[in-house]
Every structure is written in structure tokens, then in C-alpha cells.
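The chain contents come next:
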Amino acid sequence: MVTSIAPWNEIKPTALLVLADGTVLEGRGLGATGEAVAEVCFNTALTGYQEILTDPSYAGQIVTFTFPHIGNVGANEEDVEDLNPAARAGAVGAIFRAEVTDPSSYRSVDHLDTWLKRRGIVAMAGVDTRALTALLREKGAANAVIAHEPDGRFDIEALKARAASWTGLLGLDLAREVTSGQSSTWTQTPWVWDEGYGTLDDEKIHIAAIDYGVKRNILRLLASLGAKVTVVPATTPAADIVALEPDGIFLSNGPGDPEATGEYAVPIIRELLETDIPIFGICLGHQMLALALGARTLKMHQGHHGANHPVKDFTTGKVEIVSMNHGFAVDGDSLPEGVEETHVSLFDGTNCGITLIGRPVFSVQHHPEASPGPQDSHYLFRRFANLIRRKHGEPALAER
């Protein structure tokens, strides 16, 4: 008697990640269909995938999550970080280890797959993200194409050619693509459990925030200090900013090559430095300030992306665990006379903060707003407020 054997059912991949060196990784597609060319990086955060994917600093990038379970708390509209969700500024692709499960959080209003589709993010699951992370750690952040086709039909050679021909982030001014189209006022305060977000009801100071790709929670923390925040586009002339009569000026985070953005941002900041208005910068804003003061920036091998990075604050002698997201860094050896290094990464010694000696001007590379991430660096917002209070002759707030 002959027993028939059922044919082997091979699962066809519906998503590919094609690196510029020709490496091809297969997976199951989710999120938006189509393809996106960008730089692949890895993020080591355990939580906050929505905040990560909507951070405008991730424009032009595909995020590999080292934490395997992404999507299990679903998605909502409260955890979006870009200022204008309709513009969908943020990561263009995402890579997960495990299959995305149904959400189990009381705050969820959407399945991650549905949310990714609406955001236009091409994603894939079923990838050995530990192996991919090891590859990126060894060879550096890689140019790549991520593609999702439900029928599993791909022109792999065309994808390889597209990945290899992309010039990468060097020389790209992405801040111009994600900045606000016009000025706006921000008054929302931080989220409180069982209450949601609040509204500023007692304006004590006025902050002008230059938007290179600002995150919402940064603005909320400024508002929590009693600041009405006026958000202005990245190309706003210095004279227009000064005309707002702000008590302080904030230089926001953002994506892309700082030297490219600096072509128009640096002259503006140099004019602002001629005033006595306190200035505080974060991430790309830190790099813009450093360039304006005469320092240099450089492309990092793999960048810093995660919510568990140790940074030492030389002003206090303390080590903080912080959130980071940057592929470029300020060259600490290039800091000119009169500029002091205040923070440094304990992973690789790269610069993470500067201050202009004798002036109310400072900046940090990491993201002290903790969205996502620990709140060790929240004190930096109070440090900024204290520079303003000192100018007004008011007593300082406790930083911690």
C-alpha cells in the first residue's frame, strides 16, 4: 500500500530588508505596503515603541528593536511625539523579532499593525534582530531598503541596486522636512495617570522654541515650568525670534546631518547668542549650538539609540541613565576656548553636553524629556528655568 505524503508547505516571506552590501533578510510584512530606503539603526529601549517611531529625529531611518516583544500594548494617540501627526514625521520603517500580538493594555485604541499602516511605516516581523544588531554594531549603521508586498513578489536585484545607490544621511538636511510650517503656541502640560494631559493656566515665562523636529513631551515639560511656548519654524530669522520678546530660547531635537542643517541654522543661532537671552538645546539643537560656537560634528559608527544609556554630568558628578537617539555627535576635541564639556557618554566617551562659560547658554545631546526613557535628566528643564529666573532676580528652583 502506497501512502501519499502531503506536499511541504513553505511559508513565503512577505517582507525583505536589503542592505547596501547585498545582504537580504526575510520576514513577515506588516504595516504599510511598498518600500522605503533609509538608514538602519538599532534601539535598545524596552518600552515606548510608539514614542520612538514618531520621534522626528528618526526621519530617514529604519528602527530595529532589540527588545523582542513589540506591539503587545497596542497603540493610541496620546503617545505620539511628532508635533503634526498628519505629516507623519519619524521613522519610515521598523523591524521586530516576534510576531505582533493583539494588544493587552487598557490604554490601547488600535492594533499596532493598523496604526503602522495609517502612519505609512513599512515594517517586518520574524527577523533575528540580535543577529542584525550584531551586524550593525560591527559594520555600522547601514543604508538599506525595507519592502513589504503581501504577495511575496520582489525584484531583489532592483532592491539591492536601490539600497546601494542611496547616498545616506551625510549631507541631508532633514530638519527642513519635519519642521513646523508656521508658528504656534503650546500650552499642554505632562500626562498624569487617570487624568491625561493638562493645560497651562499660569504663564510665568515665555519660551521661543526653534523647531528642528521637536518632540511633544519636551514642550510639555517646558509648559510644566509655567512657560508659554511659541514654536517657530527652523528657518525663522533671529530678528523675528527676538521680536517675540522671549525669556528663553530653546533649540529642539531633529534628524539629519547637523552640518547640512547648520548652513541656515548656525547664522541664526549666532545672532541669538549676541543677545543675553538664555538658550537651551537638546539633540540636534545641541549640535547646532556647538557648530555656532565653532565646534565640529561627526558621523558616528552606529549611533546611540535607546533608553538605558549612562551619561555623567560633570556639573554634579552624578551618573544618569538617559534616553538617546542620534547618529551624529559633537567632536569633543573641537570645542573652542570658552566652551566647557558638561556631559559625556560612559559607553564611548562621546560628548553629551556643553556650556558657554559665563553665559546663560547650555545644551545636551541626550533626550531629558524621557519619552520614552528614565526621568533622571528632568532637572535640566529646571536648570534652564533657573537661568531665566536668575536674570529676573528670582530665587532658583531646586533642580532635583
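Residues numbered from 1 in each chain as written. Predicted model: local features only at pLDDT ≥ 70, side-chain atom pairs only at ≥ 80, totals over all residues. Heavy atoms only, no water.

Q: Please set out the pattern of salt bridges residue by residue, giving values where relevant.
A: Within the structure shown, the criterion is met by 20 salt bridges. Glu394 is paired through a salt bridge with Arg389; the nearest N and O atoms lie 3.7 Å apart. Taking the relative accessible area as the measure of exposure, Glu394 reaches 37% and is therefore partly exposed. Counted as one network, the salt bridges with shared partners bring together Asp55, Lys215 and Glu369. (Salt bridge = Lys/Arg side-chain N within 4 Å of Asp/Glu carboxyl O. Buried < 20%, exposed > 50% of the residue type's maximum accessible area, 1.4 Å probe, protein only.)

Q: Tell me what's going on with the sheet that holds strand β15 (residues 297-313), and back it up with residues and numbers.
A: On the basis of which strands lie adjacent, the open sheet formed by 10 strands has the order β8-β12-β11-β13-β14-β19-β18-β17-β15-β16 and mixed pairing. In this open sheet, the two strands that pair with only one neighbour each are β8 (184-186) and β16 (318-330). When the angles between neighbouring strand axes are averaged without regard to direction, this sheet yields 25 degrees. As defined by bridge partners, strand β11 (residues 205-211) adjoins strand β12 (residues 227-233) across 7 bridges and the pair is classed as parallel. Across the sheet, Ala209 pairs through a bridge with Val231, a residue of β12. Across the sheet, helix α6 (residues 216-224) lies against β8, β11, β12, β13 (248-251) and β14 (279-282), angled at about 145 degrees from β12, the strand it touches most. Strand contacts of helix α10 (residues 379-391): β11, β13, β14, β15, β16, β17 (339-345) and β19 (361-364), with the helix running at about 170 degrees to β19, the strand carrying the most contacts. (Pairing = 2+ DSSP bridges. Helix = DSSP H or I, 4+ residues; strand = E, 2+ residues; numbered from the N terminus. Axes fitted to C-alpha atoms, helices over the stretch in contact; angles between N-to-C directions. Contact = heavy atoms within 4.5 Å.)

Q: Go over the sheet that holds strand β3 (residues 34-43), please, and point to the residues and values.
A: One closed barrel holds the 7 strands; their spatial order is β1-β2-β6-β5-β4-β3-β7, and the pairing between them is mixed. Here the average twist between neighbouring strands, direction ignored, is 35 degrees. Where strand β5 (residues 93-95) and strand β6 (residues 122-125) come together, 3 bridges link them in parallel fashion. If you follow Ala94 over to β6, its bridge partner there is Ala123.

Q: Quick rundown of unusual backbone geometry? Include the residues and the values.
A: For the bond running from Ser371 to Pro372, omega is 5 degrees, close enough to zero to count as cis. On the secondary structure map, Pro372 appears in the loop between β19 and α10. Residues other than glycine seldom take positive phi values, yet Cys283 does so here, at roughly 60 degrees. Of note, Cys283 is situated in the loop between β14 and α9 (284-292).

Q: Quick rundown of helix α3 (residues 129-139)? Include the residues and the values.
A: The periodicity of an α-helix, 3.6 residues per turn, causes residues three or four places apart in sequence to face the same way. Restricting attention to buried positions, one finds in α3 the residues Thr129, Leu132, Thr133 and Leu136. Taken around the axis of α3, the buried residues stretch over an arc of 100 degrees, which confines them to a single face. For α3, the exposed residues lying more than 90 degrees away from the buried face are Arg130, Glu138 and Lys139. Downstream of α3 by a residue or two, Gly140 has a phi angle that is positive, lying close to 95 degrees. (Arc of directions from axis to C-beta.)

Q: An account of empty space enclosed by the protein is requested, with residue identities and associated values reported.
A: Evaluated as defined, the whole model comprises 2 cavities of 30 Å³ or more. Here the largest cavity defines a volume of roughly 140 Å³. Taken together, 16 residues line the largest cavity, and the ones lying closest to its centre are Ser57, Gly256, His326, Gly327 and Phe328. Where the lining of the largest cavity is concerned, the elements lending two or more residues are α9 and β16. By residue class, the composition of the lining of the largest cavity is 6 nonpolar, 9 polar and 1 charged. Size it by volume and the second largest cavity reaches roughly 70 Å³. Around the second largest cavity, the lining comprises 14 residues; the ones closest to its centre are Ile52, Ser323, Met324, Asn325 and Pro372. (1 Å grid on protein atoms, 1.4 Å probe; cavity = no way out; pocket = protein on both sides within 12 Å on 5 of 7 lines; lining within 4 Å. Points joined across faces, edges and corners; volume = space filled by probe spheres on them. Nonpolar A, V, L, I, M, F, W, Y, C, P; charged D, E, K, R; others polar.)

Q: Residue-level account of the packing of aromatic side chains, with values.
A: Under the definition given, this model contains 5 aromatic pairs. An angle of 15 degrees between the planes, with centres 4.5 Å apart, marks the rings of Phe280 and Phe362 as stacked. On the criterion of sequence distance, the pair formed by Phe280 in strand β14 and Phe362 in strand β19 is long-range, its members being 82 residues apart. The pair Phe280 / Phe362 is uniform in exposure class, with both members buried. Between the aromatic rings of Phe280 and Phe384, the centroid separation amounts to 5.3 Å while the plane-to-plane angle is 50 degrees, which identifies the pairing as tilted. Of the two residues, Phe280 is situated in strand β14 and Phe384 in helix α10; the sequence distance between them amounts to 104 residues. Phe384 gets classed as buried once you look at its relative accessible area, which sits at 2%. Site record: aromatic cluster; members linked through ring pairs are Phe250, Phe280, Phe362, Phe381 and Phe384. When the ring centre of Tyr264 is taken as reference, the NZ or CZ atom of Arg176 above it lies at 4.4 Å. (Phe/Tyr/Trp six-rings, centres within 6.5 Å; stacked < 30°, edge-to-face > 60°. Lys NZ or Arg CZ within 6 Å of the ring centre and 35° of its normal.)

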